[in-house]
Amino acid sequence: MTTDSCPAFIDFEASSLDLIASYPIEVGLCMPDGGLHSWLIRPHILWQDWSESAEGIHGISRQTLESDGRAVSEVAHSLNELLPEQVFCDAWTFDSFWLHRLFRAARVRPQFQLESISMLLNPQQIRQWSTLRQQVIAELGLPVHRAANDALILHKTWEQIFLQGERTTALPNHSHQT
């Protein structure tokens, strides 16, 4: 597989799943070559939402964001510098909301288009996705709900789908003659 055939993937972790008040707290990228990038995001002054249950899932405290997070403008500019024209995610409704919230707070326009991974998949691949994703998670042994790990899981699951498709199309039709 070449980097031309592999897309870039993005994943966000957030303060909660509230699509009115939540905001991104971490973003992770897996580039077409498998390279990983991630940033903790310091909450913008207007971002006050916080869910203890969400913190229990991703393990990132608001105090950690305040002390170790990067400014929203720095993260937005870094995404614009690194990402190709299209980047893919597996939870478009949430990820597009958090992407918009990040770029709006930074007063920057994204220079890339966010798309759902389902745009890359045929119906059979969509049905296989969840099972293959679980296999990849087990093989990698990485904790989920950290943005870079989740972006890598998307990348590795895509590779599995892609390789399965190559094996299926590469199987020759043999007619055995005796």
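Cut-offs applied
By convention here, each chain's residues receive numbers from 1 onward along its written sequence. Reporting in this predicted model follows two pLDDT cut-offs: at least 70 for local features of residues, and 80 or more for side-chain atom pairs to be given and counted; totals over whole chains, interfaces and linings ignore these cut-offs and use all residues. Heavy atoms from the whole structure form the basis of all side-chain values; hydrogens and water molecules are not counted. Think of it this way: any DSSP run of H or I at least four residues long counts as a helix, any run of E at least two long counts as a strand, and we number them from the N terminus. A 1.4 Å probe rolled over the protein chains alone gives each residue an accessible area, and that area as a share of the maximum for its type sets the label: buried under 20%, exposed over 50%, partly exposed in between. Neither His nor the chain termini are counted; the positive set is Lys and Arg, and the negative set is Asp and Glu. By convention in these notes, a salt bridge is any Lys or Arg side-chain nitrogen within 4 Å of a carboxyl oxygen on Asp or Glu. Residue contacts are counted whenever heavy atoms from the two residues lie within 4.5 Å of one another. In the analysis that follows, any N or O atom pair within 3.5 Å is treated as a polar contact, provided that within protein one partner can donate a hydrogen and the other can accept it, and provided that, for residues neighboring in sequence, both atoms belong to side chains. Classification of ring pairs uses Phe, Tyr and Trp, with its six-membered ring standing for Trp, and accepts pairs whose centres are within 6.5 Å; under 30 degrees between planes counts as stacked, over 60 as edge-to-face, and the remaining range as tilted. Angles shown run from 0 to 180 degrees and are taken between the N-to-C directions of axes, each axis being a line fitted to C-alpha atoms and, for helices, limited to the stretch in contact. For any pair of crossing helices, the crossing counts as left-handed if the nearer helix is rotated counterclockwise from the farther one by less than a right angle, and right-handed if it is rotated clockwise. The residue classification treats Ala, Val, Leu, Ile, Met, Phe, Trp, Tyr, Cys and Pro as nonpolar and Asp, Glu, Lys and Arg as charged. All others, Gly included, are polar. Cavities and pockets are found on a 1 Å grid laid over the protein atoms alone: a cavity is a set of points where a 1.4 Å probe fits but cannot escape, a pocket is an open set with protein on both sides within 12 Å along at least five of seven lines, and a lining residue has an atom within 4 Å of such a point. Grid points are joined across faces, edges and corners, and a volume is the space filled by probe spheres set on the points. Two strands qualify as a pair provided DSSP detects at least 2 bridges between them.

For Glu13, the location among the structural elements is in strand S1 (residues 8-14). Buried within the structure, Glu13 lacks any salt-bridge partner; Arg146 is the closest side chain of opposite charge, at an N-O distance of 6.7 Å. Apart from residues lying up to four places away in sequence, Glu13 is in contact with Tyr23, Pro24, Ile25, Glu26, His58, His145, Arg146, Ala147 and Asp150.

Next up on the list: the side chain of Asn80. Take Asn80: it is sitting in helix H3 (residues 72-82). Among the polar contacts listed, one links the side chain of Asn80 to the backbone oxygen of Arg109, at a separation of 3.0 Å. A polar contact is formed between the side chain of Asn80 and the backbone nitrogen of Gln111, at a distance of 2.7 Å. Other than its neighbours up to four places away in sequence, Asn80 contacts Phe103, Val108, Arg109, Pro110, Gln111 and Phe112.

Here we take up the packing of aromatic side chains. Evaluation of the coordinates by the stated rule reveals four aromatic pairs. The interplanar angle of 75° and the centroid separation of 5.8 Å between the aromatic rings of Phe103 and Phe112 together place this pair among those described as edge-to-face. The same class applies to Phe103 as to Phe112, namely buried.

With that settled, consider the packing of H3 against helix H4 (residues 92-106). With their axes 8 Å apart at the nearest point, H3 and H4 run at an angle of 115° to one another. As H3 packs across H4, the resulting crossing turns out to be left-handed. Here H3 contributes Val72, Ser73, Val75, Ala76, Leu79 and Asn80 to the contact with H4, which in turn contributes Leu99, Leu102, Phe103, Ala105 and Ala106. Here the residues of the contact of H3 with H4 are counted per class, giving nine nonpolar, two polar and no charged.

Let us look at the layout of surface pockets. Over the atoms rolls a probe the size of a water molecule, and its path tells where empty space is left. Counted as a void, the largest pocket has a volume near 450 Å³. For the largest pocket, the lining is made up of 23 residues, of which Phe12, Glu13, Leu17, Trp98 and His145 are closest to its centre. Where the lining of the largest pocket is concerned, the elements lending two or more residues are S1, helix H1 (52-58), H4, helix H5 (123-140) and helix H6 (147-170). Per-class residue counts for the lining of the largest pocket are 12 nonpolar, five polar and six charged. A volume near 180 Å³ is recorded for the second largest pocket. Around the second largest pocket, the lining residues are His44, Leu46, Trp47, His100, Arg101, Arg104, Ala105 and Arg107.

Moving on, we get to the sheet that holds strand S3 (residues 36-40). Backbone hydrogen bonds are what pair the strands of a sheet, in a parallel or an antiparallel way. With mixed pairing, five strands are arranged side by side in an open sheet as S3-S2-S1-S4-S5. Each edge of the sheet is formed by a strand with only one pairing partner; in this case those strands are S3 and strand S5 (113-116). Sheet twist, expressed as the average angle between the axes of neighbouring strands with direction ignored, equals 30°. In the sheet, S1 pairs with strand S2 (residues 24-30) via six bridges, with the strands oriented antiparallel. From the neighbouring strand, Phe9 faces S2, where its bridge partner is Cys30. Across the sheet, H3 lies against S1, S2 and S3, angled at about 165° from S3, the strand it touches most.

To continue, consider the pattern of salt bridges. What the rule picks out here adds up to four salt bridges. A salt bridge links Arg146 to Glu26, with the shortest nitrogen-to-oxygen separation between them at 2.8 Å. Residue Arg146 is found in the loop between H5 and H6, and its partner Glu26 is found in strand S2; the two are separated by 120 residues along the sequence. Given a relative accessible area of 29%, Arg146 falls into the partly exposed group.

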